[in-house]
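An overview of the molecular structure
Now for the letters of each chain:
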Amino acid sequence: MVETSPFPADTEHVITTSKVNFFYGATQALFDITMDIPGRRVTAFIGPSGCGKSTFLRIFNRMNDTIAGTRLEGDVRINGEDIYRNGSNVVRLRRKVGMVFQKSNPFPKSIFDNVAYGPRIHGTHDKQQLAEIVEKSLIRSALWDEVKDRLESNALGLSGGQQQRLCIARALAVGPEILLMDEPASALDPKSTIRIEDLIGELRNEYTIVIVTHNMQQAARISDYTAFFYEGHLVEFNATKKIFTKPREKQTEDYITGRFG
């Protein structure tokens, strides 16, 4: 049986799921997943391609809702609030739960307008206030010193690593509590990957971060807790050090040691 809460008794659980099943049409992608995710920590999801880890991640900001024919069963709560209840405000949810995708996706706009986009959508139009939000977000994403003198330049002119940090700044600009990252460094060179990992380390004290990664060394380096998924099932969830040094399940050990996957 999977132990799903490997935390001290006083741990604050920001995200909780109970008996979650998820379907793409008639195909079931997730099976009976119960998990608590702690606040202001980094939780990593690992597992082979197609195991359900990205599907599970996208449940937390209801991104799967954009796919026709999908269906969720079970309970998903953020700070105790049922985010799938009838009448739930999805726009407010996505402001609270930011997301960074595998491929950086800056808008074909200036660097400034990329970061200011979200706050403007949510009603902030004061120029001074927007400037402060943009600067603060770029500082937090470790990009400010590199772009402060060219904020009006097209964001598409940035390097791949800079574009990904810009997307993180854009996510931070609306003031989220949770940051979801789906393979945020998989398309980057090693130097840029290290910058993203360092940034995650800096942000962990302010945000609850959940990251999907195929890179087990990355999970071991940056996460506090790790969940191993296989064929839509949560096989094991524990402190990262225990997952990588003394996993309870043989299936976890086999995956981490490269015997399959």
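One can find the structure itself at the top, above this paragraph.
Here the structure is a predicted model, which is why all the values come from computation and not from measurement. (Residues numbered from 1 in each chain as written. Predicted model: local features only at pLDDT ≥ 70, side-chain atom pairs only at ≥ 80, totals over all residues. Heavy atoms only, no water.)

Moving on to the sheet that holds strand E4 (residues 70–78). Hydrogen bonds along the backbone pair up the strands of a sheet, which may run parallel or antiparallel. The 4 strands are arranged E2-E1-E4-E5 in an open sheet whose pairing can be described as antiparallel. Looking at the sheet topology across the chains shown, the edges are occupied by strand E2 (27–38) and strand E5 (81–82). The sheet contact formed by strand E1 (residues 13–24) and E4 spans 8 bridges and is antiparallel. Its bridge partner being in E4, Ile 15 is matched across the sheet by Ile 78. (Pairing = 2+ DSSP bridges. Helix = DSSP H or I, 4+ residues; strand = E, 2+ residues; numbered from the N terminus.)

Enumeration according to the criterion identifies 1 cavity of 30 Å³ or more in this entry. There is about 70 Å³ of room inside the largest cavity. Taken together, Ile 78, Glu 81, Ile 83, Ser 88, Asn 89, Arg 92, Leu 93 and Lys 96 form the lining of the largest cavity. Of the residues assigned to the lining of the largest cavity, the class counts are 3 nonpolar, 2 polar and 3 charged. (1 Å grid on protein atoms, 1.4 Å probe; cavity = no way out; pocket = protein on both sides within 12 Å on 5 of 7 lines; lining within 4 Å. Points joined across faces, edges and corners; volume = space filled by probe spheres on them. Nonpolar A, V, L, I, M, F, W, Y, C, P; charged D, E, K, R; others polar.)

Moving on to the environment of Leu 172. With respect to the helices, strands and loops of the structure, Leu 172 is situated in helix H6 (residues 160–172). Judged by relative accessible area, which is 4%, Leu 172 ranks as buried. Leu 172 sits 73 residues away from Met 99 along the chain, and the two C-alpha atoms are 9.2 Å apart. (Buried < 20%, exposed > 50% of the residue type's maximum accessible area, 1.4 Å probe, protein only.)

Further remarks concern the sheet that holds strand E7 (residues 178–182). Across the sheet, 6 strands lie side by side as E6-E7-E8-E3-E9-E10; this open sheet has mixed pairing. The open sheet has two edge strands with one neighbour each: strand E6 (97–100) and strand E10 (233–239). Averaged over all pairs of adjacent strands, the angle between strand axes in this sheet comes to 15 degrees, irrespective of strand direction. Sheet topology note: the strand E9 (residues 225–230)/E10 ladder contains 6 bridges and is antiparallel. Note that in E10 the partner of Phe 229 across the bridge is Leu 234. Packing against the sheet, H6 makes contact with E6 and E7, and its axis sits at approximately 170 degrees to E6. Together, strand E3 (42–46), E7 and strand E8 (208–212) form the strand contacts of helix H7 (residues 190–203), whose direction differs from that of E8 by roughly 150 degrees. (Axes fitted to C-alpha atoms, helices over the stretch in contact; angles between N-to-C directions. Contact = heavy atoms within 4.5 Å.)

This paragraph deals with the packing of helix H4 (residues 127–140) against H6. Contact pair H4 / H6: the axes reach a minimum separation of 8 Å and the direction vectors enclose 130 degrees. On the basis of the axis angle, H4 is oblique to H6. Considering only the axes of H4 and H6, their crossing is right-handed. For the pair H4 and H6, the contacting residues are Ser 137, Leu 138 and Arg 140 in the first and Leu 166, Ala 169 and Leu 172 in the second. Each residue belonging to the contact of H4 with H6 can be placed in one class, and the counts come to 4 nonpolar, 1 polar and 1 charged. (Parallel < 35°, antiparallel > 145°, perpendicular 65-115°, else oblique. Left-handed = near helix turned anticlockwise from the far one by under 90°.)

Topologically, Thr 213 is positioned in the loop between E8 and helix H8 (216–222). A sequence separation of 58 residues divides Thr 213 from Ala 155, and the C-alpha atoms of the two residues are 26 Å apart. Those residues within four positions of Thr 213 in sequence are excluded, and the remaining contacts are Phe 45, Ile 46, Lys 53, Glu 183, Gln 218 and Ala 219. In terms of polar contacts, Thr 213 uses its side chain to reach the side chain of Gln 218, at 2.9 Å. (Polar contact = N/O pair within 3.5 Å; in protein donor to acceptor, adjacent residues only side chain to side chain.)

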